[in-house]
Amino acid sequence: MKLHRFSVSRIVAVMLKEFIQMRRDRLTFAMIIGVPIIQLVLFGYAINTDPKRLPTAAIVADDGPVSRSIIAAMELSGYFAFTGSGDGFTTEAEARAMLARGDVNYVLTIPPDFERKFVRGETPQLLVEADATDPSATANALGAFTQIVTQGVSTVTTGALGGMKPGGAPVDIVLHRLYNPEGITAYNIVPGLLGTILTMTATLMTALALTREIERGTMENLLAMPARPYEIMVGKVVPYIGFGFVQVLVILLAAAVLFDVPMVGPMSVLLSTTTLFVAANVTLGYTFSTLARNQMQAMQMTFFFFLPSMLLSGFMFPFRGMPGWAQAIGEVIPLTHYLRVVRTVMLKGGGFADVAPNVWPIAAFLAGVAAIALFRYRRTLD
Amino acid sequence: MSDAPIIDVHGLTKTFNGRAVVDHVDLEVKRGEIVGFLGPNGSGKTTTIRMICGLLKPDAGDGTCLGLDILKDADRIKLEVGYMTQRFSFYEDLTIRENLDFVARLYELKPRGRIVDETLARLGLANRQGQLAGTLSGGWKQRLALAACVMHQPQLLLLDEPTAGVDPKARREFWDEIHELAAEGLTVLVSTHYMDEAERCHRIVYISYGKVVARGTVPEVIAASGLHTIVVKGGDGAGLVRKLKGLPGIEQIAPFGNDLHVVGTDERALAASVERAIAGTGATAMPDATSLEDVFIRLMDQSTDNFAPAEQRP
Ligand SMILES: Nc1ncnc2c1ncn2[C@@H]1O[C@H](COP(=O)(O)OP(=O)(O)OP(=O)(O)O)[C@@H](O)[C@H]1O
Ligand SMILES: [Mg+2]
């Protein structure tokens, strides 16, 4: 018998075996298809991106017709619902505690002397603090705020204080978005979701690929047969790339249906870079499984990788706002580049030339982890 | 091919946690030979077999398997060796047929479909080929594993307790088949705890706590032990044992049904002590051939004494 350097038959053997096992493992199968759908449905329906009647506290240091009409206009707009005892006014300490606890989404502060300055045309300040931890909850209300105030004020200027001159901004509105300065939009979430779901599931699935064989005792048999490390790697990785691809299609379809996310650029660019991205994550998972001694370790490694992917890729925080060292780490992570690719293609209509600078880092990552996997693959039971 | 040994290894040593579980083992197996590998639990049989087929790296020692260096040519050795693991290690979530297909593809067997069909037919599993391997009974799993590891027609079979849990009829069939294959030139190294299987081997190697302590044909091993046996029939068994225990020359007493096997190295002292003990009890004593089992029990007792401190280390 001859030992071929590279055997398609052996790769097919491993691929088919993995595929059958994956299909029989109902839970994993359900997870692969179910997780993206559930996430998208949650984002699409359960999470209202234009919520109304959000609880608001008011600190009114100067009660008068102007401040009252502003508050009335805010309530009228439907975005704000004032809470608090009696007239709805609270003390500063109370309001701040409510905001921190999440009891209210906004705190409106009308400073002392507000009425007097307004009447004199001194453009008094009006402070709105918003809990922007969930930016989609506050973005629309804040966007509409200036107009709401202008409207509220106009009822005063044309009514009781009818003699006042129009023109200029009557009030200087100061907006403070607390906790999350970048205000991520739904368009930003979908590509991010695509990337994070793939990072998580693709990596995790293959992270268990070898450790499962070790724990079930099948590794001894596999090692005793003439399969080479790269044949096992390719055979184990390819079926999961296929699965990742199914997930991608599910997410894109749902994104189009639920969100009307535009698809400006060429689909071919998106799909080919997505395949590369999935391959990188699946191979990373496989590498984890060559390093881990058991499934628990493999899972921990996956989560350990998932965290910086979420935090440093620009999904959670604006990439350019991060300190240099964090950006340096972020540049290594495939998700960082993939997010840029997806935004470029889906939202800005970029083509191959536009995404190329972000494609090769993913390819380099893939090559790097594959090399580690082949190097670390244990050919014996030691 | 020439008469070069199929397995020829020297000084194989494997250390786990500072304890040499295989300690300078030499092993030579010739073409067409069936060699039984025996020894108490934890004596290093599995470890030795794994080193021979390249699954473990020896800490010391070297040698060849099928004329190939076990340290450098593991990949090529694997092509010609069928290794049946002690623990069932095929895929329980694959069907019988899928498992065989997987193996056939890994060995690039052609025509695959026919080879798998034939294997299934020979096993008598053709009409259960769609059953998940995990749902097979223990004995059937063993038979499936054996079928899978001879499918690529290896030159050497390394079988690690292949008949554990297999019923007597299937065991007999299994050994008949092994002998047939050996007659055609297949070489077999088989570990077992069964005496009758040891007696079916051309040669046995007995390993204890990592060291080979006896080897040769069954009569050779028995002779080398220097043991003599007297079979005591009749009388009150339990009372006799109490009487015999501690008498000079008596080293081992084992009940076999209603008989007692009394064993010792000093033939004369043994005979005298037995005579004394049975006097007036109505029991009769007769010298008999020493059984392999008595020899093994003797070997186990000896080596436990020598290695007890090492064994107790964590
Ligand atoms: N991977 C390992 N790490 C640490 N110790 C090990 C390892 N593998 C085997 N051992 C130890 O080596 C010794 C020999 O084990 P081995 O499995 O070779 O015995 P065996 O002769 O096959 O026993 P059995 O008849 O029970 O199958 C045992 O004490 C076992 O605990
Ligand atoms: Mg064993």
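Within each chain, residue numbers correspond to sequence positions counted from 1 in written order. To read the labels, note that chains go from A and ligands from 1, taken in the order they are written. Given that this is a predicted model, residues contribute local features only at a pLDDT of at least 70 and side-chain atom pairs are listed and counted only at 80 or more, while totals for whole chains, interfaces and linings are drawn from all residues. Side-chain measures were taken over the full set of non-hydrogen atoms in the model, leaving aside hydrogen atoms and water.

Trainee: Summarise the overall build of chain A; cite the residues concerned and give the values.
Mentor: Broken down by element type, chain A carries 14 helices and five strands. A burial count over chain A gives 52% of its 382 residues as buried. Residues count as neighbours in contact if any of their non-hydrogen atoms are within 4.5 Å of one another. Within chain A, contacts between residues separated by at least 24 positions form 81% of all contacts whose residues are at least 6 apart in sequence. Using a 1.4 Å probe, accessible areas were evaluated by the Shrake-Rupley method; residue-level cover was limited to the displayed protein chains. Accessible area for chain A stands at about 17000 Å²; split by element, carbon and sulfur atoms hold 65% of it. The helix and strand labels rest on DSSP assignments: H or I over at least four residues marks a helix, E over at least two residues marks a strand, and numbering proceeds from the N terminus. Accessible area is worked out with a 1.4 Å probe on protein chains only. A residue is then buried under 20% of its type maximum, exposed over 50%, and partly exposed in between.

Trainee: Describe the coordination of the magnesium ion (ligand 2), with residues and values.
Mentor: Residue and element names in this part refer to chain B. Taken together, T46 (OG1) and Q86 (OE1) make up the protein donors of the magnesium ion (ligand 2), found 1.9 to 2.1 Å from the metal. Taken together, the positions of T46 in helix α1 (residues 45-52) and Q86 in the loop between β6 (81-84) and α3 (96-106) put the pair 40 residues apart, joining distant regions of the chain. For T46, a relative accessible area of 18% puts it in the buried group. According to the relative accessible area criterion, Q86 is partly exposed, its value standing at 38%. Listed donors are limited to N, O and S atoms within 2.8 Å of the metal, widened to 3.2 Å for Na, K and Ca; water is not among them, so incomplete-looking sites are possible.

Trainee: So what's going on with the side chain of D101 of chain B? Which residues, and what values?
Mentor: All names here are of chain B. Along the chain, D101 turns up in helix α3. Here D101 falls in the buried class, since its relative accessible area comes to 17%. Sequence-distant contacts of D101, defined by excluding residues within four places in its chain, comprise R112 and V116.

Trainee: I'd like a rundown of the site of ligand 1, residues and numbers included.
Mentor: All names here are of chain B. A single heavy atom is enough: if one lies within 4 Å of a molecule or strand, its residue is considered near that molecule or strand. Around ligand 1 there are 14 residues in total, and G42, K45, T46, T47 and Q86 lie nearest to it. Two N or O atoms count as a polar contact when they lie within 3.5 Å, although within protein this holds only if one can serve as hydrogen donor and the other as acceptor, and sequence-adjacent residues are included solely when both atoms are side-chain atoms. Between ligand 1 and H193 there is a distance of 3.0 Å, counted from an oxygen atom to a side-chain nitrogen or oxygen. A total of 630 Å² of accessible area belongs to ligand 1 in isolation, and the protein chains cover 68% of it. Breaking the shell around ligand 1 down by element, the ones donating at least two residues are β2 (19-29) and α1. Looking at the shell around ligand 1, the element that brings in the most residues is α1, giving three residues. Classifying every residue of the shell around ligand 1 gives three nonpolar, eight polar and three charged. For this classification, the nonpolar set comprises Ala, Val, Leu, Ile, Met, Phe, Trp, Tyr, Cys and Pro, the charged set comprises Asp, Glu, Lys and Arg, and every other residue, Gly included, is treated as polar.

Trainee: Residues and numbers for the pattern of salt bridges, please.
Mentor: A pairing counts as a salt bridge when a side-chain nitrogen of Lys or Arg comes within 4 Å of a carboxyl oxygen of Asp or Glu. What the rule picks out here adds up to 29 salt bridges over all chains. Of the charged contacts, one joins R10 of chain A and E108 of chain B as a salt bridge, the two residues approaching to 3.2 Å between their closest N and O atoms. Separated into two different chains, R10 of chain A in helix α1 (residues 8-24) and E108 of chain B in the loop between α3 and α4 (112-123) make up a pair that spans both. We note a salt bridge from E92 of chain B to K141 of chain B, for which the minimum N-O separation is 3.3 Å. Here E92 of chain B, found in the loop between β6 and α3, pairs with K141 of chain B, found in helix α5 (residues 138-150); they are 49 residues apart in sequence, far enough to count as distant.

Trainee: How would you explain the interface of chain B and chain A if you had to name every residue and give the values?
Mentor: Counting from both sides, the interface comprises 29 residues of chain B and, opposite them, 33 residues of chain A. Accessible surface is computed with a 1.4 Å probe, and the buried area is the amount of it that two parts give up when combined, taken over both parts together. Across the chain B/chain A interface, buried area totals approximately 3100 Å², and carbon plus sulfur atoms make up 57% of it. On inspection of chain B and its partner chain A, the count reaches six salt bridges. Close ionic contact of R379 of chain A with D75 of chain B constitutes a salt bridge, the shortest N to O distance being 3.0 Å. Taken together, the connections running from chain B to chain A amount to 14 residue pairs in polar contact (both at pLDDT 80 or more). For the side of chain B that touches chain A, the secondary-structure elements that each account for two or more residues are α2 (74-80) and α3 of chain B. Among the residues forming the side of chain B that touches chain A, the class breakdown is twelve nonpolar, five polar and twelve charged.

Trainee: Which residues make up the sheet that holds strand β13 (residues 259-264) of chain B, and what values do they have?
Mentor: All names here are of chain B. Reading across from one edge, β12-β13-β11-β14 is the order of the four strands in this open sheet, with antiparallel pairing throughout. One side of each edge strand has no neighbouring strand; the edge strands of this open sheet are β12 (252-256) and β14 (284-288). Across the sheet, the axes of successive neighbouring strands diverge by a mean angle of 25°, strand direction being ignored. The sheet strands contacting helix α10 (residues 267-278) are β11 (228-233), β13 and β14, and the helix crosses β11 at an angle near 15°. At least two DSSP bridges between two strands are required for those strands to pair. With axes taken as lines fitted to C-alpha atoms, and helix axes fitted only over the stretch in contact, angles between N-to-C directions fall between 0 and 180 degrees.

Trainee: Before we move on, can you summarise the packing of aromatic side chains with the specific residues and values?
Mentor: Given two aromatic rings, their pairing is described by the distance between the two centres and the angle made by the two planes. Classification of ring pairs uses Phe, Tyr and Trp, with its six-membered ring standing for Trp, and accepts pairs whose centres are within 6.5 Å; under 30 degrees between planes counts as stacked, over 60 as edge-to-face, and the remaining range as tilted. Within this structure, the stated rule accounts for nine aromatic pairs over all chains. What links up through ring pairs into an aromatic cluster is the set F288, F305 and F365 of chain A.

Trainee: I'd like a description of α4 of chain B, backed by residues and values.
Mentor: Residues and elements named next belong to chain B. In a helix, the anticipated span is given by 1.5 Å times the number of residues less one. Taking 1.5 Å of rise per residue, the twelve residues of α4 would be expected to cover 16 Å, and the 17 Å separating its terminal C-alpha atoms lies within 8% of that figure. Along α4, the residues classified as buried are I115, V116, T119, L120 and L123. Burial along α4 is one-sided: seen end-on, the buried residues are contained in an arc of 135°. The outward face of α4, more than 90 degrees from its buried face, is lined by the exposed residues R114, A121 and R122. Check the buried side of α4 and you find it contacts α3 and α5. Following α4 by one or two positions, G124 has its phi on the positive side, about 80°. In this context, the arc is that of the directions from the helix axis out to the C-beta atoms.

Trainee: Tell me about the domain arrangement of chain B, and please be specific about residues and values.
Mentor: Domain limits in this description derive from either an automatic procedure or a database domain assignment. Structurally, chain B comprises domain 1 (7-221) and domain 2 (228-289). If you average the C-alpha positions of domain 1 of chain B and of domain 2 of chain B, the two centres end up 40 Å apart.

Trainee: Which residues make up empty space enclosed by the protein, and what values go with them?
Mentor: Think of a 1 Å grid over just the protein atoms. A cavity is a set of points where a 1.4 Å probe fits yet cannot get out, a pocket is an open set with protein on both sides within 12 Å along at least five of seven lines, and lining residues have an atom within 4 Å of a point. Grid points are joined across faces, edges and corners, and a volume is the space filled by probe spheres set on the points. If you walk through the whole model with that rule in mind, you get three cavities of 30 Å³ or more. In this structure, the largest cavity is lined by N221, A224 and M225 of chain A together with V81, G82, Y83, F90, V103, Y107, A148, C149 and H152 of chain B. Secondary-structure elements contributing two or more residues to the lining of the largest cavity are α8 (218-224) of chain A together with β6 and α5 of chain B. Looking at which element gives the most residues to the lining of the largest cavity, the answer is β6 of chain B, with three residues. In terms of residue class, the lining of the largest cavity is built from nine nonpolar, three polar and no charged. Of the volumes computed, that of the second largest cavity is approximately 50 Å³.

Trainee: So what's going on with the pairing of strand β1 (residues 54-60) of chain A? Which residues, and what values?
Mentor: Residues and elements named next belong to chain A. Of all seven residues making up β1, six are buried, and the element is well covered by its neighbours. The handedness of a crossover follows from its direction of travel: if, with the strands pointing away from the viewer, the path from the first strand over the helix to the second runs clockwise, the crossover is right-handed. As a crossover connection, the stretch from β1 through helix α3 (residues 65-77) into strand β2 (residues 80-82) is right-handed. Two elements, β1 and strand β3 (residues 106-110), share five bridges in a ladder whose sense is parallel. Bridge assignment links A58 to a residue of β3, and that residue is L108.

Trainee: Could you give an account of the nonpolar core, with specific residues and numbers?
Mentor: For this analysis, a nonpolar core means a set of buried residues of the types Ala, Val, Leu, Ile, Met, Phe, Trp, Tyr and Cys, connected via side-chain atoms within 4.5 Å. With 151 residues, the main nonpolar core has I7, L158, L159, L189, I204 and L292 of chain B as its most contacted residues. Looking at which element gives the most residues to this core, the answer is helix α10 (residues 267-291) of chain A, with eleven residues. Setting aside residues up to four positions removed in sequence, L159 of chain B forms contacts with I49, M84, L146, C149, F174, I178, V188, L189, V190 and S191 of chain B. Grouped together as the second largest cluster of nonpolar side chains are 28 residues, I70, M74, F89 and V149 of chain A included.

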